[in-house]
Amino acid sequence: MPSSSFDPHGYDSDGDDEALLISAQEAEGSTSTDIPDMSPFLVELAPNEFPSYFSERGGRLFHSHTSSTYPLPADTPEQQRLNVTHAALNQLIGAHYLGPVPDALAPVPERQKLVLDLCTGTGKWVMDMAREFPHVLFRGLDIVPIATRYPLPNVQFEVHDVNSRYRWRSASIDFVHARSVSMAVRDYPAVLQEVGRILRPGGLFLSCEWGRYPAFHPALDLDPEVHAPGVCHFFEVLGKALEARCGIQPLASRIPAFLGNSGYFTNITPQCFYMPVGPWHAEPQMKLLGRAFRATLLRYADSVKPLLLEAGCTEEEMLHIIGGYVHELKTVRGMVCVLHTVYAHRL
């Protein structure tokens, strides 16, 4: 890790981040051609039904679910961002999960274990986990059908709003995974009540949420307000837009408290991870990871443009805010994104 005395400014961007993101997404793509084994009471969407789940605004494709708060697009550029973020997280953490997941999913003779992934997006986490645990059934929920239409035999994707009651009976799920759901959830404590209902006693819950704020690695002891004012301004404006337009507030650091107050969970275990932004890290693998993740943050700026305009920014203001953000992502060393994780067992 570099010392805290180094100059955080003025390093080269070290390549085309946009091209890196696209090539990484293509390399990480799924090759499965298995036909899904659908439950008899579920209906598979026909191809001509897919457009009814989307609407176009400002040249981007969004979900058309009127009750959902989720403000980001659901089109190909955003799906590429989600897929590369998924791959980067696996490299950062060293696995697709934290905590005693292998124990929670260990085979038992009396039944097949079942996992539910909330806000599954492109379904990459579900598909990778299904390969690692082929004896387990995996179900992914999202408000738009953007996951593969050819999942593995032990995978099924369903269109469902995370804020609504789930179709599973009480105490029937072994593991619930919730990653990057904060922009889709209106009332996180209410969602935890539903998660607590469907989890079996002793079942596992895992949350992973990005902190929507600028940060430097703790070892560097640098003030974002001083060294990355443009990134600070971007997240400040974005936070106000999310609250004003969608009622979304920051919750990544509050989830352990929500779990404790729910009355459902024990063994609550939080942990933070620091994802490098840009190729500033001394280790070659982390340098490449930082470049790839910075590419996702540059793509993220495009994804929030419609939200900023709808929240009242003029085109000129929006371009100025994003311009400062992009410039500092490419020139300021030592920045990280903070991933807040927590796992807990159902009482």
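Read on for a plain summary of the structure. (Residues numbered from 1 in each chain as written. Predicted model: local features only at pLDDT ≥ 70, side-chain atom pairs only at ≥ 80, totals over all residues. Heavy atoms only, no water.)

What follows concerns the packing of aromatic side chains. By the definition in use, this model includes eleven aromatic pairs. Ring centres of Trp-210 and Phe-293 lie 5.0 Å apart, and the angle between their planes is 40 degrees; this geometry places the pair in the tilted category. Within this pair, whereas Trp-210 is found in strand E7 (residues 199-210), its partner Phe-293 is found in helix H9 (residues 284-303), the two being separated by 83 residues in sequence. This pair shows no difference in class: Trp-210 is buried, exactly as Phe-293 is. For the ring pair Phe-234 and Phe-235, a centre distance of 5.2 Å and an interplane angle of 80 degrees mean the geometry is edge-to-face. Of the two residues examined, Phe-234 and Phe-235, each falls in the buried class. Of the aromatic side chains, those joined through ring pairs into one cluster are Phe-234, Phe-235, Tyr-300 and Tyr-325. For Arg-57, the ring lying beneath its charged end belongs to Phe-62, and the centroid distance is 3.9 Å. (Phe/Tyr/Trp six-rings, centres within 6.5 Å; stacked < 30°, edge-to-face > 60°. Helix = DSSP H or I, 4+ residues; strand = E, 2+ residues; numbered from the N terminus. Buried < 20%, exposed > 50% of the residue type's maximum accessible area, 1.4 Å probe, protein only. Lys NZ or Arg CZ within 6 Å of the ring centre and 35° of its normal.)

Let's shift gears to unusual backbone geometry. Among all residues except glycine, the phi angle is most often negative; among peptide bonds, the trans geometry is most common. Phi is positive for Ala-171, which is not a glycine, with a value near 55 degrees. Topologically, Ala-171 is positioned in the loop between strand E5 (155-159) and strand E6 (173-179). For Asn-267, which is not a glycine, the phi torsion comes out positive at approximately 50 degrees. Asn-267 sits in the partly exposed class, given a relative accessible area of 48%.

Let us now look at the packing of H9 against helix H11 (residues 315-331). Between H9 and H11, the least distance of the axes is 10 Å, while the angle of their chain directions is 175 degrees. Put simply, H9 runs roughly antiparallel to H11. Between H9, through Arg-294, Leu-297, Leu-298, Tyr-300 and Ala-301, and H11, the contact on the second element is made entirely by Ile-322, Tyr-325, Val-326, Leu-329 and Lys-330. Of the residues belonging to the contact of H9 with H11, the class tally is eight nonpolar, no polar and two charged. (Axes fitted to C-alpha atoms, helices over the stretch in contact; angles between N-to-C directions. Parallel < 35°, antiparallel > 145°, perpendicular 65-115°, else oblique. Contact = heavy atoms within 4.5 Å. Nonpolar A, V, L, I, M, F, W, Y, C, P; charged D, E, K, R; others polar.)

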